[in-house]
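Structural description and commentary
This is what each chain is made of:
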Amino acid sequence: MKVWKFGGTSVGAPERMHSIANLINDGEKKIVVLSAVSGTTNTLVEISKLSLKKEFEAAKGKVQELQNKYLPFVENLYSTAEGKSKGSSILEEHFSLLKNHIKEGFSEVEEKLFLAQGELISTKLFTSYLQEIKMKAALLPALDFMKIDEENEPILSFTETELGKIIKQHSDIELFITQGYICRNSKGEVDNLQRGGSDFTATLIGAALYADEVQIWTDIDGMHNNDPRVVRRTYPIAEVSFDEAAELAYFGAKILHPTCIRPTQERKIPVRLLNTMAPKEKGTVITQKGSGNAFTAVAAKDGITAIKIKSTRMLNAYGFLRRVFEVFEKFKTSVDMITTSEVAVSLSVDNSKHLDAILTELSTFAIVEVDHDQTIVCVVGNFTAEQPGMAIKVFAALKEIPVRMISYGGSENNISVLIDSKYKNEALNAVNEGVFFAENISV
Ligand code: ADP
Ligand code: ASP
Ligand code: MG
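Digging into the packing of aromatic side chains
Here a ring pair, both rings aromatic, is described through the centre-centre distance and the interplanar angle of the planes. By the definition in use, this model includes 11 aromatic pairs. Note on tyrosine 70 and phenylalanine 73: the rings are 6.0 Å apart at their centroids and 45° apart in plane angle, and the pair reads as tilted. Taken together, the residues span about one helical turn, with tyrosine 70 and phenylalanine 73 both in helix H3 (residues 56-77) at a distance of 3 residues. For tyrosine 70, a relative accessible area of 3% corresponds to the buried category. Overall, the relative accessible area of 7% leaves phenylalanine 73 in the buried class.

A few points about the site of ligand 1
Near ligand 1 lie 16 residues; those nearest to it are Lys5, Thr218, Asp219, His224 and Lys254. The side chain of aspartate 219 places a nitrogen or oxygen atom 2.8 Å from an oxygen atom of ligand 1. Counted by class, the shell around ligand 1 contains 5 nonpolar, 6 polar and 5 charged residues.

Points about the nonpolar core
Core analysis: the largest hydrophobic core is formed by 103 residues, its most contacted members being Phe6, Ile24, Leu125, Phe126, Leu130, Leu256 and Ile286. For this core, the leading source of residues is H3, giving 8 residues. Not counting residues up to four positions away in its chain, the partners in contact with isoleucine 24 are Trp4, Phe6, Lys30, Val32, Phe126, Leu130, Met135 and Leu175. Grouped together as the second largest cluster of nonpolar side chains are 21 residues, Val231, Phe295, Ala300 and Val377 included.

Let's talk about the packing of helix H2 (residues 40-52) against H3
Close contact between H2 and H3 brings their axes to 8 Å; oriented N to C, the two are set at 160°. The orientation of H2 relative to H3 falls into the category roughly antiparallel. Both H2 and H3 take part in a crossing whose hand is left-handed. In contact with Thr40, Thr43, Leu44, Glu46, Ile47, Leu50 and Ser51 of H2, H3 contributes Phe56, Ala58, Ala59, Lys62, Val63, Leu66 and Tyr70.

Section: the packing of helix H4 (residues 81-101) against helix H5 (residues 108-115)
The geometry of a pair of packed helices is captured by two quantities: the angle between their axes and the separation between those axes. Between H4 and H5, the shortest axis-to-axis distance is 11 Å and the interhelical angle comes to 160°. One element, H4, and the other, H5, form an angle in the roughly antiparallel class. In the packing of H4 onto H5, the handedness of the crossing is left-handed. On H5, the residues touching Leu97, Leu98 and His101 of H4 are Glu110, Leu113 and Phe114. Counted by class, the contact of H4 with H5 contains 4 nonpolar, 1 polar and 1 charged residues.

About the thresholds
Residues numbered from 1 in each chain as written. Chains lettered and ligands numbered in written order. Predicted model: local features only at pLDDT ≥ 70, side-chain atom pairs only at ≥ 80, totals over all residues. Heavy atoms only, no water. Phe/Tyr/Trp six-rings, centres within 6.5 Å; stacked < 30°, edge-to-face > 60°. Helix = DSSP H or I, 4+ residues; strand = E, 2+ residues; numbered from the N terminus. Buried < 20%, exposed > 50% of the residue type's maximum accessible area, 1.4 Å probe, protein only. Near = heavy atom within 4 Å. Polar contact = N/O pair within 3.5 Å; in protein donor to acceptor, adjacent residues only side chain to side chain. Nonpolar A, V, L, I, M, F, W, Y, C, P; charged D, E, K, R; others polar. Core = buried A, V, L, I, M, F, W, Y, C linked by side-chain atoms within 4.5 Å. Contact = heavy atoms within 4.5 Å. Axes fitted to C-alpha atoms, helices over the stretch in contact; angles between N-to-C directions. Parallel < 35°, antiparallel > 145°, perpendicular 65-115°, else oblique. Left-handed = near helix turned anticlockwise from the far one by under 90°.

Here it is in C-alpha cells:
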C-alpha cells in the first residue's frame, strides 16, 4: 500500500484535479489524502473569526464569496450534466451548513467544524470526478479513523485498528480517497491536526498501515536548501534523513508540517516529496540515510518570543533551572532554544498563549526581560564535534546581523541563532551564500 498526499495548490483548480486523477491511475493500490482547495482554509479561518466576534453579516458575506468561487470550479471539473449536478449538491450541502451555523452561540466547537469543510468539499468533489470518469475509488471519512487525545496528540493505535477494519471491508478497491488535516478529539468533536496538517494525516496513515512509502505531492520540486520564498538561490536536495527533515519542518520549512516526520521515522517508512506540476522531477526522499552533506538546509521560524530570566539569588542557585522549567511545564508551553550562564537563562517560545501568566509566575523569583518578534534561523546538517570549522562558517556569514541567542551542540544536526525578525531575509540570504556557496565569503 502507498499513501499519496496532494496539497492545496495540487487540488487548487479543476485542471489540477484532472491531472492528479491521471497521476494516481497507475494500477497500484493507494490511499490518496487531499487538502482543501488552496485559499479555502484561510477563508474559513476568517469566517470563523468574524463569527466569534459576532459579526454575522460579514461572516455570511464571506461564505457567499467563497461559494461563488466554487461555482466555476464545479462547472469546469465535470463534463457531464450528472457530474455537474452532483458537484452542485456537494457545494449546497456544505455551504448551507456554514450559513446555518453563523448565529448566536457560535463557539470554538463550530470553528473547528468550519475549518473541516475545506477538506470535506475537496475530497467529495474529487471522488465524484473519479466516478464520472469511471475510475473505481472509495471515499473514506477521516473522522472515522483519525483521532487526537486530550493533549492533542494523534492516537496512532486508533487509526491502525479503525482504518485496518475499513480497508478490509473494501478489499476490491484499489484507490481510497480521504481528507487530510481533520480528525475527532477526545470529546468526539470535529477537530484538526493544526495548519498544514494534511502532511501529518498522510504520515500517520502511512505508519498505521506500514505503507511502503508516503509521497507528499506539492507545488515545488522537493525540499530546498533554504526558503525559496525569501532566498535568491535555492536548490532541491535529493536526500535528507528523518532527523534533518524533522528539524527543518519544526523550524519552519513550510513544505512539511512541523511534526509529521515522527510517525514515519518510528516505522522507517520513506517519505518522498514531489512536484505535481513536474511529476518527473526527482524531488526529495527522506530516509534514515540522509544527505551526507556537511550543511543540508536552512529554515526560519517566526513569531518567537525571547525571555531572559535572571536569578535574584545569583550565583550557585541550584534548583533555579528546575523552578524555571516547572513554570513552562505548568502552562504546557514548550521551549525551543535555551542558553544559560551562571546567573541567567535565556530561552525562546513560539506559543505565547500563556505568556502573561508565565511571566507573572517567573517574576516571583527572578528578573524577567522579554523580546517579541524574534526569528529562529536554524541551520541543519551533520555537525559532529570532531569536525572543525562548521560553526564559524555560519557566524562569519552572519557578521553584519545582531544575534540575540546561539544554540549549538544540542543535537548533531542543528545550529540555531535567534535574531530580530526584521533581519530574517538578510540573515537567510547571508547564511545561504556563506554555507552553500562558500567561495563568496571570507572568514
Ligand atoms: P501544500 O499546500 O502542497 O501543502 P505548502 O504551501 O504547505 O504546500 O508547502 C509548499 C511551499 O513551501 C512551497 O511552495 C515553498 O514556497 C514553501 N517552502 C518553504 N520552505 C521550503 C523549503 N525549504 N523547501 C521547499 N519549499 C519550501
Ligand atoms: N487545509 C489545511 C491548511 O490549509 C491543511 C493542509 O492544507 O495541510 O492548513
Ligand atoms: Mg502544506
